Amino acid sequence: MAWKRKDVLGLEEFGRDEVELVLDTADSMHEILRRPIKKVPTLRGKTVVTLFYEPSTRTRTSFELAAKYMSADTVSIATATSSVQKGETLRDTARNLEVMGADCFVVRHGMSGAPHFLARVLEAPVINAGDGMHEHPTQGLLDLYTMRRRKGRLEGLRVAIIGDVAHSRVARSDIWGLLKFGAEVRVAGPTTLLPLGFEELGVKVFHRVEDALEGADVVNVLRLQLERQKRGLFPTVREYAKFWGIGRERLALAQPDVLLMHPGPMNRGVEITTEVADGLHSAILEQVTNGVAVRMALLYLLLGAAEAERPGEPRPVEAGAARAGGED
Ligand code: CP
């Protein structure tokens, strides 16, 4: 299929074939990451802006590296030291950056829908890097990519998503993505941290963590989002760790070859023990590497592939050509 989307805002609106195109393209990009010189000329002359109104280590850095590995220029706007502090609106900030020549915006914002708003007012593509408690589509794609690489399929996988589901944009994107492939999605967490209405989507909701873990092929542990909690959703962090934390004994309830995932950053000793986070089943650092490949794929599809559609110009890099050569 051909890529037609201007923006990447959420996996809810993605078709299964679009997700497959991103994951297949990421396979070619992953090969570039294994080269001694990780550089292809695909996005030479393009400028990618990362505009983050919330902190980030993985998402922002992996987008910047993804852009650099494809020879794009990158500009990182730190809102703490920008004119946002003088009251400049999101729209004005982004429009000013666009008229300076930005070709793509990667946006994280605490308000759900902020990237969608920018997508309407900007001509350049907008990628949602996490909006409030709504979606984190690139994390969802890298999670699906990691599961597919390690398990060879998504269809029929039993995936247990454990913890603070209510505040998790990662959980929402994972769920939208996994359901499109016929995975069995289970969620478990304290009742106060489980949103209503998930059963209607086809998700299995559990109120005991052990029941959700039984026979799972993948366990995705969510970060307890202490910064987004209202008071009284659970008694203490210590009690949360005792009843919902994933350690060796609980993980043993899953399949013997279970894949353990966490989007990061981890609260070690709270939602996950150090023993399993750094243990044999853990794919947590692999997720981070895969995140670079998936973000390279998205930048290529949004910027490089569209460029290649211009008549009379050669395609800058085919997914397959990236695999075959094309180092800068
Ligand atoms: N997983 C994730 O979004 O991590 P960062 O907050 O570090 O970007």
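These notes cover the structure that comes with them.

What counts, and at which threshold
Residues numbered from 1 in each chain as written. Predicted model: local features only at pLDDT ≥ 70, side-chain atom pairs only at ≥ 80, totals over all residues. Heavy atoms only, no water. Core = buried A, V, L, I, M, F, W, Y, C linked by side-chain atoms within 4.5 Å. Buried < 20%, exposed > 50% of the residue type's maximum accessible area, 1.4 Å probe, protein only. Helix = DSSP H or I, 4+ residues; strand = E, 2+ residues; numbered from the N terminus. Contact = heavy atoms within 4.5 Å. 1 Å grid on protein atoms, 1.4 Å probe; cavity = no way out; pocket = protein on both sides within 12 Å on 5 of 7 lines; lining within 4 Å. Points joined across faces, edges and corners; volume = space filled by probe spheres on them. Nonpolar A, V, L, I, M, F, W, Y, C, P; charged D, E, K, R; others polar. Axes fitted to C-alpha atoms, helices over the stretch in contact; angles between N-to-C directions. Parallel < 35°, antiparallel > 145°, perpendicular 65-115°, else oblique. Left-handed = near helix turned anticlockwise from the far one by under 90°. Salt bridge = Lys/Arg side-chain N within 4 Å of Asp/Glu carboxyl O.

1. Re the nonpolar core
If you look at the biggest cluster of nonpolar residues, it comprises 63 residues, and the most contacted ones within it are Trp3, Val22, Met296 and Leu299. The biggest single contributor to this core is helix α12 (residues 284-308), with twelve residues. Discounting chain neighbours no more than four positions away, the residues touching Leu299 are Leu43, Val48, Phe63, Ala66, Ala67, Met70, Cys104, Ile127 and Gly304. Membership of the second largest hydrophobic core comes to 25 residues, among which are Ala212, Leu213, Ile246 and Val270.

2. Some remarks on the layout of surface pockets
Estimated volume of the largest pocket: approximately 380 Å³. Looking at the lining of the largest pocket, the elements that each hand over two or more residues are α2 (58-69) and α6 (169-180). Of the residues assigned to the lining of the largest pocket, the class counts are five nonpolar, eight polar and seven charged.

3. What to know about the packing of helix α5 (residues 137-151) against α6
Packing of α5 against α6 brings their axes to within 8 Å, and their N-to-C directions diverge by 55°. Of the possible angle classes, the one that applies to α5 and α6 is oblique. The crossing of α5 and α6 is right-handed. Side by side, α5 and α6 meet where Pro137, Gln139, Gly140, Asp143, Leu144 and Met147 of the first sit next to Val170, Ser173, Asp174, Gly177 and Leu178 of the second. Classifying every residue of the contact of α5 with α6 gives five nonpolar, four polar and two charged.

4. Considerations on the pattern of salt bridges
Tallying each qualifying case throughout the model produces 20 salt bridges. Taking the shortest distance from any N to any O, the salt bridge between Arg148 and Asp24 comes out at 2.9 Å. Of this pair, Arg148 sits in helix α5 while Asp24 sits in helix α1 (residues 16-33), and the two are 124 residues apart along the sequence. For Arg148, a relative accessible area of 22% corresponds to the partly exposed category. Put simply, Asp278 and Arg268 hold a salt bridge, and the shortest N to O gap is 3.0 Å. Highlighted residues: Asp278 in the loop between α11 (274-277) and α12 and Arg268 in the loop between β9 (259-261) and α11, separated in sequence by ten residues. Taken together, the shared-partner salt bridges connect Asp24, Asp27, Arg148 and Arg149 into one network.

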